[in-house]
Amino acid sequence: MAPPSVEVTIEKSLVELNGSNSLAFPDKQKTASPKQFTWVLLLKAHKALTCISWLAMGLWAMFASVKKRIALSQAREEEIKNKGRLYRFLRACLAISILALVFEVVAHFKKWNLNLIHPWEVQGLMQWSYMAWLSFRVDYVAPLVTMLSKSCVVLFMIQSLDRLVLCIGCFWIKYKKLKPVIEGEAHDIEDCSSFPMVLVQIPMCNEREVYAQSISAVCQLDWPKDSLLIQVLDDSDDENVQLLIRNEVFSWKQKGMNIIYRHRYIRTGYKAGNLKSAMACDYVKDYEFVAIFDADFQPNPDFLKQTIPYFKGNPELGLVQARWSFVNKDENLLTRLQNINMCFHFEVEQQVSGIFLNFFGFNGTAGVWRIKALEESGGWLERTTVEDMDIAVRAHLNGWKFIFLNDVRVLCELPESYEAYKKQQHRWHSGPMQLFRLCLPAIITSKISIWKKANLIFLFFLLRKLILPFYSFTLFCIILPLTMFIPEAELPVWVICYVPVFMSLLNILPTPKSFPFLMPYLLFENTMSVTKFNAMVSGLFQLGSAYEWVVTKKTGRSSESDLLALAERESKTSNQEKIQRRLSESGLEMLSKLKQQGVPNVKKRNRLYRKELALAFLLLTASARSLLSAHGVHFYFLLFQGLSFLVVGLDLIGEQMS
């Protein structure tokens, strides 16, 4: 029985010892509790002060950053634009929404009865004003907003149907494996005389970062030298850049390339004027085709052999357009979102239009024209900022057909800063409206079929160039936030959530790897609607900014590999060309010298975009109002859309430009 007695004794002793802690030292327990309580209070106070100081420092840093960006923002150009009617309209909407939010908050917390019948039940001037606003809203404001919202919803559904039809056409092309076919026989590789004469044009203007890559890529095209002439059309007003480009052309000419440098002293008409001047040369009549590449484009050596054969045996073919491929599509969030848009444009819009209609808008580069088609269509005109779309529409009206090659890709570069992208989109959306005003009489009186006329007027111009930016801005940026203060005109959930998400999903299908960016893409497209709407209106009514042409800023990322390869080739051939290099330094050496001497390091700075900021605060104010009404989807959409506008308005997306 010894083991059980031992166990009992140990248990009792343990119990007694544990119990004695609370009874043997009563004074110690009484003195320890206040100290512990004091330390707990001090720790909590320290945490609270730390949190408050952290929040204060964060808010101070944020306000300091905003103040610094306001002070450093280059607002000379923006100030002119911000004084326009659109900016004043947005500020008025913001002021009204803030005032309405104050009334709604007061009414919510005071629990005013909105169904008051007797006037004597109204308490105070503020409640009387609120009830008067409710009566005015129901009788006059709500019907107007409801009618406008229903009209925009109808346009939204029509445009969504058009996009759905395009996607179905793309699926049909994939399913049936439809592709343009070469009707004639291929050129005899051994017989150089069988190759047609091809003129290659490289228009550029102050393209310091990328001029070498395009010249190098074009000079390496696999085509008989006797049948190829390269025109470098330099419109630069920077003498250092002119010297660099001229030196690069000279170095390739010394290597045996048939290349010409042209510089205009009177730079009228921008790119259209540059191309028009080049086509006026006497020797152009000896050439049958002309290929055009912008300064940041790098065609593969077999580009001409993949495009020119489609013209053989097809005398009605006027244009062969290749697809763009982007070297910096994964550089930042802005380039990723642009890549989604551009891939849908090429894979769906242009491929479907090329297969079923033999017509699409010329992209201005990476295409080959039959010179006869250009001449019969009137040549390059300087009347709009979209000379590429202008010549495409006129050629289509004259009966010429187009082919889009989705498998032939030309490497190029996407704008990496929001400022460059915004200016590019402004030109791309104001120009078509200018062109529509000018071409409408010619379209109506042309000899093409009624179906082609309807496609040009209603689909190509009105639906995709005018209605799309109109409803996307009006419906999602103006009407939706206003309906939070006008519940009678509230938009259904399927308009603001289900249909937009489905259409964004269709846009992402050509780039499946971009699926994680579905929601950022949807929000960013709505954010860009203010720029596109402003450009559309300015082009339609010929406002001052409609004729603004700004060369898209390039970073030269796509030219780094080419510069390294060029440097390696020059090092291998330096002994053979020693005398020539003494007369003319290499383009790389000149580039490095000019970078050291004439290009100061300018600190990159952010810019403020006041239209986007005004819309950000308008949407955030509306989200606060929707929170009072316990709106689920409406609240989250307005909140995230407002934050998206805020990020863009503070220039926090993409790279900053120096």
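Here goes a summary of the coordinates provided. Remember, it's a predicted structure, so these values are computed and weren't measured experimentally.

Analysis parameters
The residue numbers shown here count from 1 along each chain, following its written sequence. Two thresholds apply to this predicted model, a pLDDT of at least 70 for residue-level local features and 80 or more for giving and counting side-chain atom pairs, whereas whole-chain, interface and lining totals are computed over all residues. Side-chain numbers come from the whole structure's heavy atoms, not from hydrogens or water. Numbered from the N terminus, helices here are DSSP runs of H or I no shorter than four residues, and strands are runs of E no shorter than two. Using a 1.4 Å probe on the protein chains alone, a residue whose accessible area is under 20% of its type maximum counts as buried, one over 50% counts as exposed, and one in between counts as partly exposed. By definition in these notes, contact holds between two residues if any of their heavy atoms fall within 4.5 Å. Only the protein chains shown count as covering a residue, and every accessible area follows the Shrake-Rupley method with a 1.4 Å probe. Only buried Ala, Val, Leu, Ile, Met, Phe, Trp, Tyr and Cys residues count toward a nonpolar core, and they belong to the same one when joined by side-chain atoms within 4.5 Å. Only when DSSP finds a minimum of two bridges between them are two strands counted as paired. All axes here are fitted lines through C-alpha atoms, helices being fitted over the stretch that makes contact, and every angle between N-to-C directions spans 0 to 180 degrees. The salt bridge criterion pairs a side-chain nitrogen of Lys or Arg with a carboxyl oxygen of Asp or Glu, the two atoms within 4 Å. The length a helix should cover is 1.5 Å for every residue beyond the first. One axis is fitted to the seven residues ending at the residue and one to the seven starting there. The bend at that residue is the angle between these axes. Here a polar contact is taken to be a pair of N or O atoms separated by no more than 3.5 Å, where protein atoms must pair a possible hydrogen donor with a possible acceptor and residues adjacent in sequence count only if both atoms sit in side chains. The scheme is simple: roughly parallel for angles under 35 degrees, roughly antiparallel for over 145, roughly perpendicular for 65 to 115, oblique for anything else. Helix crossings are classified by the rotation of the near helix relative to the far one: an anticlockwise turn of less than a right angle makes the crossing left-handed, while a clockwise turn makes it right-handed. Amino acids are sorted into nonpolar (Ala, Val, Leu, Ile, Met, Phe, Trp, Tyr, Cys and Pro), charged (Asp, Glu, Lys and Arg) and polar (every other residue, Gly among them).

All right, on to the overall build of the protein chain then. Helices and strands together make up the secondary structure of the protein chain, namely 21 helices and seven strands. Taking all 658 residues of the protein chain together, the buried fraction comes to 48%. Contacts in the protein chain between residues far apart in sequence, at least 24 positions, make up 82% of those at least 6 positions apart. A total accessible area of about 33,600 Å² is found for the protein chain, and carbon and sulfur atoms account for 63% of it.

Attention shifts here to the nonpolar core. Ranked by internal contacts, the top residues of the largest apolar core, which has 88 residues, are Ile215, Ile230, Val232 and Trp369. No other element matches the seven residues that strand S7 (residues 401–412) contributes to this core. When sequence neighbours within four positions are dropped, the list of residues in contact with Ile230 reads Val200, Ile202, Val218, Cys219, Met257, Asn258, Ile259 and Ile260. If you look at the next biggest cluster of nonpolar residues, it comprises 54 residues, including Leu86, Leu166, Ile467 and Met503.

Once that is clear, we can look at the sheet that holds strand S4 (residues 289–292). The seven strands are arranged S3-S2-S1-S4-S6-S5-S7 in an open sheet whose pairing can be described as mixed. Taken across any chain shown, the strands that pair with only one partner, and hence form the sheet edges, are strand S3 (259–263) and S7. Averaged over neighbouring strand pairs, the angle between their axes works out to 20° when direction is ignored. Pairing of strand S1 (residues 198–204) with strand S2 (residues 228–234), which is carried by seven bridges, proceeds in the parallel orientation. When the bridges of S2 are listed, Ile202 appears paired with Val232. With respect to the sheet, helix H6 (residues 211–219) is in contact with S1, S2 and S3, its orientation differing from that of S1 by roughly 175°.

A side chain of one charge can pair with a side chain of the opposite charge when the charged atoms of the two come close. Under the criterion given, the structure shown has 18 salt bridges. Glu488 is the partner of Arg137 in a salt bridge, and the nearest nitrogen-oxygen pair spans 3.1 Å. Taken together, the positions of Arg137 in helix H5 (residues 124–176) and Glu488 in the loop between helix H14 (450–483) and helix H15 (493–508) put the pair 351 residues apart, joining distant regions of the chain. Under the relative-accessibility criterion, Glu488 is labelled partly exposed at 38%. The closest approach of N and O atoms between Arg383 and Asp390, which form a salt bridge, is 2.9 Å. For Arg383, a relative accessible area of 28% gives the class partly exposed. Residue Asp390 is classed as buried on the basis of its relative accessible area, which comes to 0%.

This paragraph deals with helix H21 (residues 633–649). Under the 1.5 Å per step criterion, the end-to-end length of H21 is 24 Å for 17 residues, consistent within 8% with the ideal 24 Å. Looking at H21, one finds that the buried residues are His634, Phe635, Phe637, Leu638, Gln641, Gly642, Ser644, Phe645, Val648 and Gly649. Looking at the packing, one finds that the buried side of H21 touches helix H13 (418–445), H14, H15, helix H16 (518–540) and helix H20 (610–628). Looking at the residues trailing H21, positive phi occurs at Asp651, about 60°.

The side chains of a regular strand alternate between both faces of the sheet. Among the ten residues in strand S5 (residues 317–326), nine count as buried, and that is most of the element. For S5 and S7, the ladder comprises nine bridges, and the chain directions are parallel. Pairing of Leu319 across the sheet is with Phe402, part of S7. In this sheet, strand S6 (residues 367–370) lies alongside S5 in antiparallel orientation, the contact comprising three bridges. Following the sheet pairing, Gln321 is matched in S6 by Gly367.

Further remarks concern helix H10 (residues 333–356). Residue pairs three or four apart in sequence face the same way in an α-helix, which turns once every 3.6 residues. Taking 1.5 Å as the rise per residue, H10 with 24 residues should run 34 Å; its terminal C-alpha atoms sit 34 Å apart, in good agreement. If you look at H10, its biggest bend is around 30°, right at His345. For H10, the tally of buried residues reaches 18 of 24 residues, placing the bulk of the element in the interior. Between the side-chain oxygen at the start of H10 and the backbone nitrogen of Leu334 there is a gap of 3.0 Å, and the oxygen is on Asn332.

Across the interface, helix H4 (residues 85–110) lies against H20 with an axial gap of 9 Å and an inter-helix angle of 20°. As far as their axial angle goes, H20 and H4 are roughly parallel. Every pair of crossing elements has a handedness; the one defined by H4 and H20 is left-handed. Together, Leu86, Tyr87, Leu90, Cys93, Leu94, Ser97, Ile98, Leu101, Glu104, Val105 and His108 of H4 and Arg610, Lys611, Ala614, Leu615, Phe617, Leu618, Thr621, Ala624, Arg625 and Leu628 of H20 make up the contact between the two elements. Among the residues making up the contact of H4 with H20, the classes are represented as 14 nonpolar, three polar and four charged.

Take it as geometry only, folks, not as evidence of what the structure does.
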